[in-house]
Amino acid sequence: MQRKKEMIAMLLAGGQGSRLGVLTAKMAKPAVAFGGKYRIIDFPLSNCINSGVDTVGVLTQYEPLRLNSHIGIGVPWDLDRNFGGVTILSPYERSENSDWYTGTANAIYQNIHFIESYDPEYVLILGGDHIYKMDYELMLNYHKAKKADITMAAMPVPYEEAHRFGVLVTDPETGRITEFEEKPEHPKSNLASMGIYIFNWKVLREALIANRGVPGLDFGMHVIPYCHENGNPVYCYEYNNYWKDVGTLQSYWEANMELIDLVPVFNLYEEYWKIYTNNDISAPQYFSPSAFVERCIISEKVGIFGTVRNSVIGPNVVIEEGAEVCDSILMGSVRIGKNARVYKAIIAEDTTVGEGAELGTGDYRESTYNKKVYCSDLVTIGECSVIPPHVSIGKNTAIYGVTTPEDYPNGRLESGDAIIKAGELL
């Protein structure tokens, strides 16, 4: 029997993130790069260690290799512990009832034995795909003070967006939740669940076992309504600082651009609440005499010979002479060829943009490929892609794979179109 932990965290990081399109073709959403040198999962992991939560189970499923490699044994987050630390929890074969994780709560149910090995009083449930800073210890103190069985973190959102979230109705004097609706068509409140919960472990364990046969067992749809109906005291911990769901291409781009505001609403540089990451690149940046850089985040080992404005540049990127990059996100090891023009693009790792190519030209047009995913002015290019020299690419486009001049009729990919060379629909 291991020593007891007061609270452990279970971090749900197995989602595909299909609304990020080609960016998540070969990796889970929490592994997607953010803010230059970071990955999305760095934020909840850093919140854990900054809050004194030193035992974290990370539940992975969809394309876990990149995520597992990034987390490793948890050294960057001081989570390489003999007792506790970080543990990767993937679905595994059992003697009976084997299954993938079929829902958020089902994933926790399948790892009951991991949680029991620490005999915790409380279990913190987190998503792995949001950008924010939160002190979970303060939330735990609130949970204890209210003598709650469940505490849900929530924040006000515009009423027109509330239907996208679980919505809470609370007693204004006590903060106790009186009604909970998961993604209602006509929300009664604009207080939206953030997908961050603290449970008394005994209460959560009973609810998971009682509902274990429910298909796609989910916290918002099943477990929390079950506990609420059983009379368990459920309270709202209202959060009013920065929190961003980067689940769409537009919101992902906006969150990155907010980092380079003159007064950023989300500050990566606070000493008292650092964001940690697994990054072993230590080579310096190089700016040639011909380089011009204005309001950007520039990561390590970047070589700039052209012009970069209002952009977030990942490590090991090269922007060649005469090239211009504006309002864009370039992930690690991207190369922009001479005299290329890149406007409002998201370009994933290990991609090459050929000499004289132009990205983000012309007028917006509705996507002919996937209207739900691609619905903005952005050019989105998946990892390990190649853009040939001297082609023109319109707005609201998607590219994945090694493309050739023959893929561009008359040297152009029109706005709203896509080129997918990966052999499968994404």
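This is a predicted model, so every value here is computed, not measured.

Here is what the cut-offs are and how they apply
- All chains use their own residue numbering, which begins from 1 and follows the written sequence.
- It should be noted that, the model being predicted, local features are given only for residues of pLDDT at least 70 and side-chain atom pairs only at 80 or more, the latter also being counted only at that level, while totals for whole chains, interfaces and linings use all residues.
- Where side-chain values are given, they derive from all heavy atoms of the structure, hydrogens and water being excluded.
- Cavities and pockets were defined on a 1 Å grid built over protein atoms only: a cavity is a set of grid points that admits a 1.4 Å probe from which the probe cannot escape, a pocket is an open set flanked by protein on both sides within 12 Å along at least five of seven lines, and lining residues are those with an atom within 4 Å of any such point.
- Grid points are joined across faces, edges and corners, and a volume is the space filled by probe spheres set on the points.
- The numbering of helices and of strands both runs from the N terminus, where a helix is a DSSP run of H or I of at least 4 residues and a strand a run of E of at least 2.
- Each residue gets one of three labels, nonpolar for Ala, Val, Leu, Ile, Met, Phe, Trp, Tyr, Cys and Pro, charged for Asp, Glu, Lys and Arg, and polar for the others, Gly among them.
- By nonpolar core is meant a set of buried Ala, Val, Leu, Ile, Met, Phe, Trp, Tyr and Cys residues that side-chain atoms within 4.5 Å join together.
- Relative accessibility thresholds used throughout: buried, under 20% of the residue-type maximum; exposed, over 50%; partly exposed, between the two (1.4 Å probe, protein chains only).
- In this analysis, two residues are considered to be in contact whenever any of their non-hydrogen atoms come within 4.5 Å of each other.
- Whenever two N or O atoms come within 3.5 Å, that pair is a polar contact, provided that in protein one can donate a hydrogen and the other can accept it, and provided that, for residues adjacent in sequence, both atoms are side-chain atoms.
- One requirement defines pairing of two strands: DSSP has to find at least two bridges between them.
- The rule for a salt bridge is simple: a side-chain nitrogen of Lys or Arg has to be within 4 Å of a carboxyl oxygen of Asp or Glu.
- Under the pairing criterion, centres of Phe, Tyr and Trp rings, with the six-membered ring standing for Trp, must be within 6.5 Å; the plane angle then separates stacked pairs below 30 degrees from edge-to-face pairs above 60, leaving the rest tilted.
- Distance and angle both matter: a charge sits over a ring if NZ of Lys or CZ of Arg is within 6 Å of the ring centre and within 35 degrees of the ring normal.
- To obtain an axis, a line is fitted to C-alpha atoms, over the contacting stretch when the element is a helix, and the angle between two such axes runs from 0 to 180 degrees between their N-to-C directions.
- By the definition used in this description, the sense in which the near helix is turned from the far one sets the handedness, with an anticlockwise turn below a right angle giving left-handed and a clockwise turn giving right-handed.

In this structure, the largest pocket occupies an estimated 1200 Å³ of space. Along its surface, the largest pocket is lined by 40 residues, and Thr 104, Asp 129, His 130, Lys 183 and Asp 218 are the ones closest to its centre. When residues of the lining of the largest pocket are traced back to their parent elements, those giving at least two are helix 3 (104–109), strand 6 (122–127), strand 11 (191–200), helix 7 (219–229) and strand 13 (243–245). For the lining of the largest pocket, the element with the most residues is strand 11, which contributes four residues. Here the residues of the lining of the largest pocket are counted per class, giving 14 nonpolar, 18 polar and eight charged.

What follows is about the nonpolar core. Within the largest apolar cluster, 73 residues are counted, with the highest numbers of intra-cluster contacts made by Ile 196 and Tyr 252. Sort the elements by how many residues they give to this core and helix 8 (residues 249–258) lands first, with five residues. Not counting the four nearest positions on each side in its chain, Ile 196 is found in contact with Leu 124, Ile 125, Leu 126, Tyr 132, Met 134, Tyr 136, Met 139, Thr 151, Met 152 and Ala 153. Judged by nonpolar contacts, the second largest core, of 37 residues, contains Leu 12, Ile 150, Ile 224 and Cys 227.

Restricting attention to buried positions, one finds in helix 7 the residues Phe 219, Gly 220, Val 223, Ile 224, Pro 225, Tyr 226 and Cys 227. Looking at the buried residues of helix 7, the elements they touch are helix 3, strand 6, strand 8 (150–156), strand 10 (177–182), strand 11 and helix 6 (201–210). Where helix 7 begins, one side-chain oxygen reaches toward the backbone nitrogen of Gly 220, 2.9 Å away; that side chain belongs to Asp 218. In the segment just after helix 7, Gly 231 is the residue with positive phi, at about 90 degrees.

Take the sheet that holds strand 17 (residues 303–304) next. Pairing in this open sheet of six strands is parallel, and the strands run 14-17-20-23-26-29 from one edge to the other. A single partner strand is all that each edge strand has here, and the edge strands are strand 14 (286–287) and strand 29 (386–387). In this sheet, strand 20 (residues 318–319) lies alongside strand 17 in parallel orientation, the contact comprising two bridges. In the strand pairing of strand 20, Ile 304 is matched with Ile 319.

Under the counting rule described, the total for this entry stands at 23 salt bridges. A salt bridge links Glu 349 to Arg 39, with the shortest nitrogen-to-oxygen separation between them at 3.3 Å. One end of the pair, Glu 349, is in the loop between strand 25 (345–347) and strand 26 (352–353); the other, Arg 39, is in strand 3 (residues 38–39), with 310 residues separating them in the sequence. Judged by its relative accessible area of 8%, Glu 349 is buried. Among the salt bridges present, the one from Arg 164 reaches Glu 161, with a minimum N-O distance of 3.7 Å. For Arg 164, a relative accessible area of 36% translates into the label partly exposed. According to the relative accessible area criterion, Glu 161 is partly exposed, its value standing at 33%. Each of Glu 294, Arg 309, Glu 324 and Arg 341 takes part in one network of salt bridges that share partners.

Moving on to the packing of aromatic side chains. According to the stated counting rule, one finds 13 aromatic pairs in the structure shown. Seen from their ring centres, Phe 114 and Tyr 118 are 5.4 Å apart, and the 70 degrees between their planes marks the pair as edge-to-face. Taken together, a centroid distance of 5.6 Å and an interplanar angle of 40 degrees make the contact between Phe 199 and Phe 219 tilted. Residue Phe 199 is located in strand 11, and its partner Phe 219 is located in helix 7; the two are separated by 20 residues in the primary sequence. Here Phe 199 and Phe 219 have matching classes, each one buried. An aromatic cluster is defined as three or more aromatic residues linked by ring pairs; in this entry it consists of Phe 34, Tyr 38, Phe 43, Tyr 242, Tyr 252 and Phe 266. Positioned over the ring face of Phe 266 is Lys 133, at 5.3 Å from the centre of the ring. Positioned above the aromatic ring of Trp 253, the side-chain terminus of Lys 344 is 4.7 Å from the ring centre.

In the contact formed by helix 6 and helix 7, the axes pass within 10 Å of each other and the chain directions differ by 115 degrees. Crossing handedness for the pair helix 6 and helix 7: right-handed. Mapping the contact onto sequence places Val 203, Leu 204, Glu 206, Ala 207, Leu 208 and Ala 210 in helix 6 and Phe 219, Val 223, Tyr 226 and Cys 227 in helix 7.

Positionally, Thr 151 belongs in strand 8. What makes Thr 151 buried here is its relative accessible area of 0%. Engagement of the side chain of Thr 151 in a polar contact is seen with the side chain of His 143, the distance being 2.7 Å. Beyond its immediate chain neighbours, meaning those up to four positions away, Thr 151 contacts Met 139, Tyr 142, His 143, Ile 196, Tyr 197, Ile 198, Tyr 235 and Tyr 237.

Among the ten residues that make up strand 11, nine are buried, leaving the element largely enclosed by the rest of the structure. Judged from the two bridges that link them, strand 9 (residues 166–170) and strand 11 form a sheet pairing that is antiparallel. Within the sheet, the bridge partner assigned to Leu 168 lies in strand 11 and is Leu 191.

Of note, the phi angle at Arg 295 is positive, near 50 degrees, even though the residue is not glycine. Position of Arg 295 relative to the elements: it lies in the loop between strand 15 (292–294) and strand 16 (297–298). Residue class for Arg 295 comes out partly exposed when judged on its relative accessible area of 40%.

This part takes up the sheet that holds strand 32 (residues 412–413). Spatial strand order, 15-18-21-24-27-30-32: seven strands in an open sheet with parallel pairing. For this open sheet the edge positions go to strand 15 and strand 32, each flanked by a neighbour on one side alone. Judged from the two bridges that link them, strand 30 (residues 392–394) and strand 32 form a sheet pairing that is parallel. Looking at strand 32, one finds that Ile 393 is bridged to Leu 413.

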